[in-house]
Structures are given as structure tokens and as C-alpha cells.
Amino acid sequence: MPVEDAQIEQAIQHLDGAKRSHFLWTQRLLRLALLGGEPQADLLAVDAAQRCAFGHWLTHEAGLLAQVAPEVHRQLCELHGQMHGAAREVGLSILARQVAPAALDAFEQLQERLIGLIDAGRMRLLEVQNLKNLHDPLTGLPQRRLLQDAFGQFRKRCQRDGRQPFLAMIDLDRFKSINDRFGHGIGDRALCHMVDTLSAVLREDEALFRFGGEEFVQLIAARDGREAACAVRRGLERLRHAPLALPDGGQLQMTLTAGLVAVGEQEGLDEALARADAALYRGKQDGRDRCVLAV
Ligand SMILES: Nc1nc2c(ncn2[C@@H]2O[C@H](COP(=O)(O)OP(=O)(O)OP(=O)(O)O)[C@@H](O)[C@H]2O)c(=O)[nH]1
């Protein structure tokens, strides 16, 4: 199920609110100890953890947290109950005017662990949010912004493995006419179908990125140009034989054109992309449905 930004932000807000409200518990206990007086009912209630807004959220509404950080969620539920129990013990010992260092120790430790867990859950939610923003919501592929980092790591890996780095710019042919003829909904499905088809033939050390619009970038580690071109053509070939099934029972045949370059030792990403784009352009000029290896 796709995670909405608003869901993530709401979960983070609840965790921030919980930190503040549990800090207030300490203040209330301190006031009670120093000034005396009647504690508020919720402090001493046996079901304080359920009455607490955070407890309610944890039990009934924290589905996203449970999904992305199940262990943190499980421990939070457990510790939250224990912490309220310990706060109750401290409250009762203050009222009874009995010094209870063990109850205070337990409360402090549980409070500290609870805050640590809240921070861990918050961090995980932020990671999910960051990753989500770096991936294309339509196809799920990493976007252009992730390419720079991945390219650097890819080159190092190639060097270590004694292979040559290649980069291919891949573009769906006559995609505008698919949109014009069938509408953008089918256009979107065509893009997803293309990505699924290419992903199915990608090797472990190959990566695919959505560069923008209907343009994709594939990174390939190979012994030589022939092997790299074979890897790209494998995807082209697979898509050629895997038409998209249309709702009216028809089939949509799609083809791809790719521009492939061997990345030079001193060559930067932008330079390699520009050369791959020029090779792609030549492929389009020469009739599409092909992979052109730049010489
Ligand atoms: N449905 C849909 N269309 C998109 C998306 N991104 C880009 N497009 C469309 O992709 C089309 C690209 O058209 P052109 O650049 O003219 O290329 P083309 O029709 O594929 O022609 P050639 O590349 O020359 O084969 C445009 O109509 C864009 O609106 C998307 O995410 N979804």
C-alpha cells in the first residue's frame, strides 16, 4: 500500500507530542512532591496508559509505525504501559510521604527508554519519507537525484571487479501517440509495464532509474561494448514480445530506443549522459527500436 506524505507527517507529530506530554509527567510529579496537594486523577489511574492520548494512538492508530518499525512499535506499547505504572507508583509514594527510590529509578529508566524509542521510530519514519521522495511514485524506480550517488558507487564497483562501466539512455518510442490515442491513464500503465518488463531482465549489478518523462537510465557493468549492448538489447527484445493488455481486449505493442556509452575513466556523469543522449537521438533518426553504441 503506498504511504502518503500526510500519513508520515501525522505519525511524526504524534511522536513529537508524546515526547512533550511525557516530559510534562515529570514536571507534575515534581510539583506534587514539592508542593503537595491532590494529584490529578489520571496520574493515579490504573488505566492511565489507555487514557493517555499517546497510548490511544499507539494502540488504535499507529498502523504506519507498526508497518515501518514493528519492533519499535511493539516495545513502545510495552514500555508505555510500564512507564505509566511506574509514574503511578511514584505518585502514590509521594502521597504516602514515603521515600521510594526504587519506584523513582524505575520511572526514570522507563521514561528514558521510552524517549529513545520515540526517537528511533521518528528516525525510521523520516527515512521512509526521504526514500519515498527520491523514488518515482508511478513506477517506484529511483529518480534522477539518486543517479549521481549511484553512479559514483557503480564506477568504484566496476573498478574493483575489473569491468567497464556503461550507461544507457532508454526512451519509449512514440509515447506521445500512445497518450494521444489511449489517454494518459493507459500511458501511465504503459510506462509501468515497460519498467516491470525491463526490471525482470536486469542483472543484479545493473540498475534502472527514471530520468524524467519517458526517459530511463540503465547502468551496466560489462567486459566490453558487445556484452553491454547485449544486456540492453535483452530488455528491448523482451518488451517487443510482451505487449500490454488493454481494457478493451486489445494489445499495445511498444518498442524502445537506447543510446549506450562506455563511461571514460575521467568522464563525469553529465558528460556520459550527454553522449548517451546523442546516441539515442541517432537511434531515433535511424528508425527507433534499437540500441546504438556510441563509438
Ligand atoms: N502518461 C504519461 N505521459 C508522460 C509521462 N511523462 C512524460 N509523458 C509524455 O511523454 C511524451 C513524450 O513525447 P515525445 O518527447 O514527443 O516523444 P515520443 O512521442 O515518445 O517520440 P519519440 O521519442 O521520438 O519516439 C509526451 O507526450 C509527455 O507528455 C508520464 O509520466 N505519464
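Model, not experiment: these values are computed from the prediction.

**Some words on the overall build of the protein chain**
The secondary structure content of the protein chain amounts to twelve helices and seven strands. For 295 residues, the compact-globule formula gives about 19 Å, and the C-alpha radius of gyration of the protein chain, at 29 Å, lies well above that figure. In terms of overall dimensions, the protein chain has C-alpha extents of about 90 × 50 × 25 Å along its principal axes. In the protein chain, which comprises 295 residues, the proportion classed as buried is 42%. The contacts of the protein chain with a sequence gap of at least 6 include a subset with a gap of at least 24, amounting to 71%.

**Re the site of the ligand**
Taken together, 16 residues surround the ligand, and among them Arg174, Phe175, Lys176, Asp188 and Arg210 come closest. Considering the ligand on its own, with 680 Å² of exposed area, one finds that the protein chains cover 67% of that surface. Put simply, the parts of the chain that give the shell around the ligand at least two residues each are strand 1 (164-172), helix 9 (175-182) and helix 10 (184-201). Counting residues per element, the shell around the ligand draws most heavily on helix 10, at four residues. Residues of the shell around the ligand, tallied by class, amount to three nonpolar, four polar and nine charged.

**Some thoughts on helix 10**
For helix 10, spanning 18 residues, the distance from its first C-alpha to its last is 26 Å, which sits close to the expected 26 Å at 1.5 Å a residue. Within the span of helix 10, buried status applies to Ile186, Gly187, Ala190, Leu191, His193, Met194, Val195, Thr197, Leu198 and Val201.

**Some points on the pairing of strand 2 (residues 207-212)**
Here strand 2 runs beside strand 3 (residues 215-222); their pairing, made up of five bridges, is antiparallel. Its bridge partner being in strand 3, Ala207 is matched across the sheet by Leu219. What sits between the antiparallel neighbours strand 2 and strand 3 is a turn of two residues, in which Gly213 has the positive phi angle 45°.

**Some words on the UniProt feature "domain: GGDEF" (unreviewed entry) in the protein chain**
UniProt records the feature "domain: GGDEF" (unreviewed entry) at residues 163-295, using the numbering of this structure. Spanning residues 163-295, this segment combines 44% helix with 28% strand, and its end C-alpha atoms are found 18 Å apart.

**Re the sheet that holds strand 2**
Here we have five strands laid out as an open sheet, ordered 2-3-1-6-7, and mixed in their pairing. Strand pairing shows two members of the sheet lacking a second neighbour, strand 2 and strand 7 (291-293), which therefore form its edges. Here the average twist between neighbouring strands, direction ignored, is 25°. As paired strands, strand 6 (residues 256-262) and strand 7 are joined by three bridges and run parallel to one another. For Ala258, the partnering residue across the bridge sits in strand 7 and is Cys291. Running at roughly 10° to strand 3, helix 8 (residues 144-161) makes contact with strand 1, strand 2 and strand 3 of the sheet.

**Topic: the nonpolar core**
Grouped burial of nonpolar side chains is what soluble globular proteins tend to show. Core analysis: the largest hydrophobic core is formed by 34 residues, its most contacted members being Leu15, Phe54, Trp57, Leu65, Leu76, Phe107 and Leu125. Leaving out residues up to four positions away in the same chain, Phe54 has contacts with His14, Leu15, Ala18, His22, Leu76, His80 and Ile118. One finds Leu191, Ile220, Leu236 and Leu246 within the second-largest nonpolar core, a separate group that totals 31 residues.

**Quick word on the packing of aromatic side chains**
Overall, the coordinates contain one aromatic pair when judged by the stated rule. Ring plane angle 25° and centroid distance 5.9 Å describe the contact between Phe54 and Trp57, whose orientation is recorded as stacked. Of this pair, Phe54 and Trp57 both sit in helix 4 (residues 53-60), three residues apart, roughly one helical turn. Owing to a relative accessible area of 3%, Trp57 belongs among the buried residues under this scheme. Just above the ring of Trp25 sits the side chain of Arg28; from NZ or CZ to the centre is 4.8 Å.

**Regarding the state of the cysteines**
Throughout the structure, instances matching the rule amount to zero disulfides. Cysteine Cys291 remains unbridged, with the sulfur of Cys230 as its closest cysteine sulfur at 9.5 Å.

Parameters at a glance
Residues numbered from 1 in each chain as written. Predicted model: local features only at pLDDT ≥ 70, side-chain atom pairs only at ≥ 80, totals over all residues. Heavy atoms only, no water. Helix = DSSP H or I, 4+ residues; strand = E, 2+ residues; numbered from the N terminus. Rg over C-alpha atoms; globule rule 2.2 N^0.38 Å. Buried < 20%, exposed > 50% of the residue type's maximum accessible area, 1.4 Å probe, protein only. Contact = heavy atoms within 4.5 Å. Near = heavy atom within 4 Å. Areas by Shrake-Rupley, 256 points an atom, 1.4 Å probe, with all protein chains shown as cover. Nonpolar A, V, L, I, M, F, W, Y, C, P; charged D, E, K, R; others polar. Expected span 1.5 Å × (residues − 1). Pairing = 2+ DSSP bridges. UniProt positions renumbered as here; feature names shortened; annotations may be inferred. Axes fitted to C-alpha atoms, helices over the stretch in contact; angles between N-to-C directions. Core = buried A, V, L, I, M, F, W, Y, C linked by side-chain atoms within 4.5 Å. Phe/Tyr/Trp six-rings, centres within 6.5 Å; stacked < 30°, edge-to-face > 60°. Lys NZ or Arg CZ within 6 Å of the ring centre and 35° of its normal. Disulfide = S-S within 2.5 Å.

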